[in-house]
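Chain and residue survey
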Amino acid sequence: MNRILVTGGTGFIGSNLCEKLLEDSNNYVICLDNNYTGNINNVTNLFSNSNFEFIYHDIIHPIFVEVNTIYHLACPASPKDYQKDPIFTLDTNYIGTKNMCELAKRNKARLLLSSTSEIYGNPHISPQNEEYFGNVNPNGIRSCYDEGKRISETLLFDYHRFHQLDIRVARIFNTYGPKMNKNDGRVVSNFINQMIENQDITVYGNGEQTRSFCYVDDTVSGLIKLMNNEKTTGPVNIGNDNEITVNVLVNVILDLIKETKSKIIFHKLPLDDPIQRKPCLKKAKEFLEWEPKTSLNEGLEKTISYFKSYS
């Protein structure tokens, strides 16, 4: 049996990943989280599965479990969450990732890191490819996450070079879908919940900044394909290359929630908020034979249904 550890397993992507991995009866999934931003309710439907186990634990502290595969997703991921305690965010990225490297080393396990498009900062090129070193502010309010993920990548590759650790690195772009935290402050959840609750719709800046939104099922599929591939360690971009402005996004959602009485209001753009996001998916297509399949409208309809049932 393949014993799999998923850190950050009660989080948005982590819980969806646990559920997908359990579709294979040869997988035994250990979900590990301190629920700092995750939600135990995201995995309660899995408790009846004998191949599932939940461990309450903070990866800043070492842990000893027998596994042969580690998906390392544990880290606050939304600006609202990772800026709440930036030192904790940095500790999670460095100390926590080092602990996972040590665990993988002891077990001779394969370790996948969920890195991020924030590696690229406010990019000077588009689309962003994996060879681009990025344009990141090292001492801004987002740096705890941006630079934290960069040092996490450095750790994995140094363990790979010096200890022959078997690694995979995914750079995840904007992901959305069911099990998102409605209060995480990110644009898709913000817009949907503001419209459901007939609140003002907050658009930051002039709304012309671009994003590329990937439905969570596609992101999870990309992570599994990257983990199981034998062609590359990564980093590999996992995201959707359909680039749209925030203004377009808000109008697409307005078309899907026609009953809302919400009105759009504009706020000042947060410091270091990237102006453009679009992944180059050449490596994902070549090495993983992966690309996103879910259209924006289809994914948003599923996400809206989830949040309507949530509220």
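Here, every reference points to the structure presented above.
With that settled, consider a nonpolar patch on the surface. Together, Y94, I95 and I151 give the surface a local cluster of nonpolar side chains, amounting to about 230 Å² of exposed area. By the element assignment, I95 lies in helix α3 (residues 86-107). Given a relative accessible area of 34%, I95 falls into the partly exposed group.

Taking 1.5 Å per residue, 21 residues should reach 30 Å; helix α4 (residues 143-163) reaches 28 Å between its end C-alpha atoms and fits that length. Residues S143, C144, Y145, D146, G148, K149, S152, E153, L155, L156, F157 and Y159 constitute the buried set of α4. Close packing links the buried residues of α4 with α2 (79-82), α3, β5 (110-116) and β6 (167-172). Phi turns positive, to about 55°, at Q164, one or two residues after α4.

Another point: the state of the cysteines. If you walk through the whole model with that rule in mind, you get zero disulfides. Counting only cysteine sulfurs, C75 is the nearest neighbor of C144, a cysteine outside any disulfide, at a range of 8.2 Å.

Here the structure, examined in full by the defined rule, presents 19 salt bridges. Where E118 meets R277, a salt bridge forms, and the shortest distance between an N and an O atom there is 3.3 Å. In this pair, E118 is assigned in the loop between β5 and α4 and R277 in the loop between β13 (264-267) and α8 (282-288), connecting sequence segments 159 residues apart. A salt bridge links E259 to K308; the nearest nitrogen and oxygen atoms lie 3.1 Å apart.

Sheet architecture is open: seven strands sit in the order β3-β2-β1-β4-β5-β6-β11, paired in parallel fashion. The sheet terminates laterally at β3 (52-56) and β11 (236-238), the two strands that pair on one side only. Going from strand to strand, the sheet's axes swing by 20° on average, the running direction of each strand aside. Bridging between strand β4 (residues 69-72) and β5 involves four bridges; their strand directions are parallel. Across the sheet, H72 pairs through a bridge with L113, a residue of β5. On the sheet, α3 packs against β1 (2-7), β4 and β5 and is oriented at approximately 170° with respect to β4. Relative to the sheet, α4 contacts β5 and β6, its axis offset from that of β5 by approximately 155°.

Thresholds, definitions, all that
Residues numbered from 1 in each chain as written. Predicted model: local features only at pLDDT ≥ 70, side-chain atom pairs only at ≥ 80, totals over all residues. Heavy atoms only, no water. Patch = residues over 30% accessible without salt bridge, like charges linked within 9 Å, V, L, I, M, F, W, Y side chains within 5 Å. Areas by Shrake-Rupley, 256 points an atom, 1.4 Å probe, with all protein chains shown as cover. Salt bridge = Lys/Arg side-chain N within 4 Å of Asp/Glu carboxyl O. Helix = DSSP H or I, 4+ residues; strand = E, 2+ residues; numbered from the N terminus. Buried < 20%, exposed > 50% of the residue type's maximum accessible area, 1.4 Å probe, protein only. Expected span 1.5 Å × (residues − 1). Contact = heavy atoms within 4.5 Å. Disulfide = S-S within 2.5 Å. Pairing = 2+ DSSP bridges. Axes fitted to C-alpha atoms, helices over the stretch in contact; angles between N-to-C directions.

Purely geometric numbers; function is a separate question.
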